[in-house]
Amino acid sequence: MKRLQARLGEISDLEQVLSLLHWDQNTMMPAGGGRARAAQLATLARVRHERLTAAETGELIAAAEAELGELAEDGVERRTVAEARRLYDKEARIPAELAEQMARAASEGYQLWVGARAENDFRAYAPALERNIELAREYAGCFDGYADPYDVLLDDYAPGMTSVQVGALFADLRGELVPLIDTLAGRELDTAVLSARYPEAGQRALVAKVLSWQGFEGRAWRLDDTVHPFATGISVADVRLTTRYEPDYFPTALYGAMHECGHGLYHAGIAPGLERTPLGAIRSYAFNESQSRLWENLVGRSLSFCRALAPELERCSQGSLAGLDPMALFRAVNAVRRSLIRIEADETTYGLHVILRYELERLLLHGELAVAQLPEAWNLRMREYLGVEVPRDADGVMQDVHWSAGSIGYFPSYAIGNLIAAQLWERIRADLPELDEQLARHELVPLRDWLREHIYRHGSRLSDDELLTRITGEPLSVAPFMRYLRAKLSDVYQLDLA
Ligand code: ZN
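The rules we used
- Residues numbered from 1 in each chain as written.
- Predicted model: local features only at pLDDT ≥ 70, side-chain atom pairs only at ≥ 80, totals over all residues.
- Heavy atoms only, no water.
- Domains from an automatic or database assignment.
- Contact = heavy atoms within 4.5 Å.
- Buried area = accessible area lost by both parts, 1.4 Å probe.
- Salt bridge = Lys/Arg side-chain N within 4 Å of Asp/Glu carboxyl O.
- Polar contact = N/O pair within 3.5 Å; in protein donor to acceptor, adjacent residues only side chain to side chain.
- Helix = DSSP H or I, 4+ residues; strand = E, 2+ residues; numbered from the N terminus.
- Nonpolar A, V, L, I, M, F, W, Y, C, P; charged D, E, K, R; others polar.
- Disulfide = S-S within 2.5 Å.
- Core = buried A, V, L, I, M, F, W, Y, C linked by side-chain atoms within 4.5 Å.
- Buried < 20%, exposed > 50% of the residue type's maximum accessible area, 1.4 Å probe, protein only.

Topic: the domain arrangement of the chain
- Segmentation of the chain into domains returns domain 1 (2-143) and domain 2 (163-493).
- Inter-centroid distance (C-alpha atoms) of domain 1 to domain 2 is 26 Å.
- Each side of the interface is counted separately: domain 1 has 41 residues, and domain 2 has 41 residues.
- Counting each side, the surface lost to burial between domain 1 and domain 2 is near 3,500 Å², with a carbon and sulfur contribution of 61%.
- Remark: the boundary between domain 1 and domain 2 carries five salt bridges.
- Across the pair Arg 276 and Asp 13 runs a salt bridge, and its minimum N-O distance is 2.8 Å.
- At the boundary of domain 1 and domain 2, one finds 19 residue pairs in polar contact (both at pLDDT 80 or more).
- Elements supplying a minimum of two residues to the side of domain 1 that touches domain 2: α1 (2-27), α4 (76-92), α5 (96-118) and α6 (122-140).
- Broken down by element, the residue count for the side of domain 1 that touches domain 2 peaks at 13 residues, all from α1.
- Across the side of domain 1 that touches domain 2, the residue classes tally to 18 nonpolar, twelve polar and eleven charged.

Here it is in C-alpha cells:
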C-alpha cells in the first residue's frame, strides 16, 4: 500500500504539472511558446501514461488489493485502490499508438476548426471531424462490457453513467422544456440593464467583490484574463480562475467568474489528506459542473442574491446603472430567449442545446449519420427544439470547440450538472432555512460550508450516484430542476407556471 501510494503520488504530481502547463498556455504564455509547449505537453502526458500503465503499477495495485482485508468499503484506502484500479484498467487498454493518434488528431482538428469556423467552411473541417469520430470508435472498441460504444466515451466525463440513463433524463427534460420555451420566449421583458455600458475597471472591482463573498482568499487563489474562461486547481491551496470582460455585457465577466469560482471552491475544499492520491482530483465533469452552475445560477441568478448584487453593480458601474432595481436585474438575468449559441443561452434554453448535441454525437458515433449530413441535421433540430433558424454553419454546427478536439461524450455533463445542482438545492434549502436572507446579505459562508461538508471534501471518494443518493435520498431525476425553473420563471414573468 505504501509503495502504491508513493507511485500514485508521482502520477498526481505529473497531472498537476500538466494542469499548470495548460493554465500557463491559456493565460500567460507568449504565442511564440506554442510549438515548444505542444511538445512539452505531449512528452509529459506520455510519461504519465507510462507511469500509470507500467507492469509494476499493475502489480502494486494487485498487492494492495490483497492487503485491504476488512477495511471499510467506502473508506479512503479501499477507494484509493479502487480508483487506481479503474484508471489503470481503462488506460492500459488503450494502445500507446492509438493514444498518440488521438492526441494528434485532436490538436490538428482544433487548428483546422479555428480556420474553418472563421471562414464558415464546414467542408474544410469535415475530414478532421470524420477522423476524430473514427478514432473515438476505435477507442470505444478497446473496451468490452459496455452496452453501447457511446457509454465508453460518456464514462470518461460522467463516470458510471450510461446512455440509457442519459437518454431517459433528456427525453423527460426535452418534453418539459420545449412547451415552456414556447410559452415564454415571445414575451416582452426589459433586459436593457444587461447591455448598459459598463467600464472594465468597474467590472474588475465588481468581480473581485463577488469572488471575495464566495470565499476567494488571497493566499490560495489567482484570477487572470483569458479568451475562453476556465478554472483549474493545481493543488488545494493553489486555485487558478480566469474570466473575460465585455464592455457592453457585464454578465460575461460576473457570471463567468462566479461559475469558475464554483469549480475552484470544489477543488479548494477537497480534504488535504486526499492530495497526491487519485481521489484528490475531481473525476466527474458532471458533478464538477453541478458545482459551478450552482453558484452561477441557483445563487447568482436568484432574486435574493440580486438584492445583494444590485447595489454593488450600481456602485461599480460609475453611474451607468444608477437606480438599479433588484427585481429588474432578476428579471433581466433570467429572461428566456430563443438562442442560437449555447454558451450565451439562458438557463431555460440551455438544456436543449445540450440534448441536440448529445443526440447528434451518438448518431455520428453509431454511423447512423454521416458527417456530410450533419449541418442539415443540426439545423433541423435547432428549428424543432428551439425555433431558431441557423444563418450559417459557423454559428451552428461549428460553434463549439469540443468535437474538433475529439471530446465526444462531453456535452451531456453540462446538462446533467444542472439537474444535479437543482436536486442538491432542495436539500440545501431544507438544511439552511435562512438561506434566502443570507444570500440577500451576501453571507455565502454557510452555503459554502454546507457544500464543503457534504460534497467538496470527498474529492472523488464517492461516485456521483452515491453522493447524490446520500445527500438527497433519491437517484437523479429531472423533477427538481423543473420545479426550480418553473418557480423561478413564475416570479420572473409574473405568471403561474407550476
Ligand atoms: Zn464549468
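Considering the state of the cysteines
- Taken as a whole, this structure holds zero disulfides when the rule is applied.
- Free cysteine: Cys 261, not disulfide-bonded; nearest cysteine sulfur from Cys 316 at 16 Å.

Overview of the nonpolar core
- With 143 residues, the main nonpolar core has Val 299, Phe 305, Trp 403, Ile 428, Leu 447 and Ile 455 as its most contacted residues.
- Three or more residues apiece are contributed to this core by two domains, here domain 1 (2-143) and domain 2 (163-493).
- When neighbours within four sequence positions are excluded, Ile 428 is seen to be in contact with Leu 294, Leu 435, Leu 447, Trp 450 and Leu 451.
- If you look at the next biggest cluster of nonpolar residues, it comprises ten residues, including Met 1, Leu 4, Leu 60 and Leu 68.

Topic: the pattern of salt bridges
- Under the counting rule described, the total for this entry stands at 49 salt bridges.
- The shortest N-O distance in the salt bridge between Asp 24 and Arg 37 comes to 2.8 Å. Pair noted here: Asp 24 is in helix α1 and Arg 37 is in helix α2 (residues 34-53), with a separation of 13 residues, a long-range link.
- A residue is classified by how much of its surface remains accessible, and Arg 37, at 11% relative accessible area, is buried.
- Members of the salt-bridge network, linked through shared partners, are Glu 15, Arg 48, Glu 83, Arg 86, Lys 90, Glu 91, Asp 155, Asp 156 and Arg 283.

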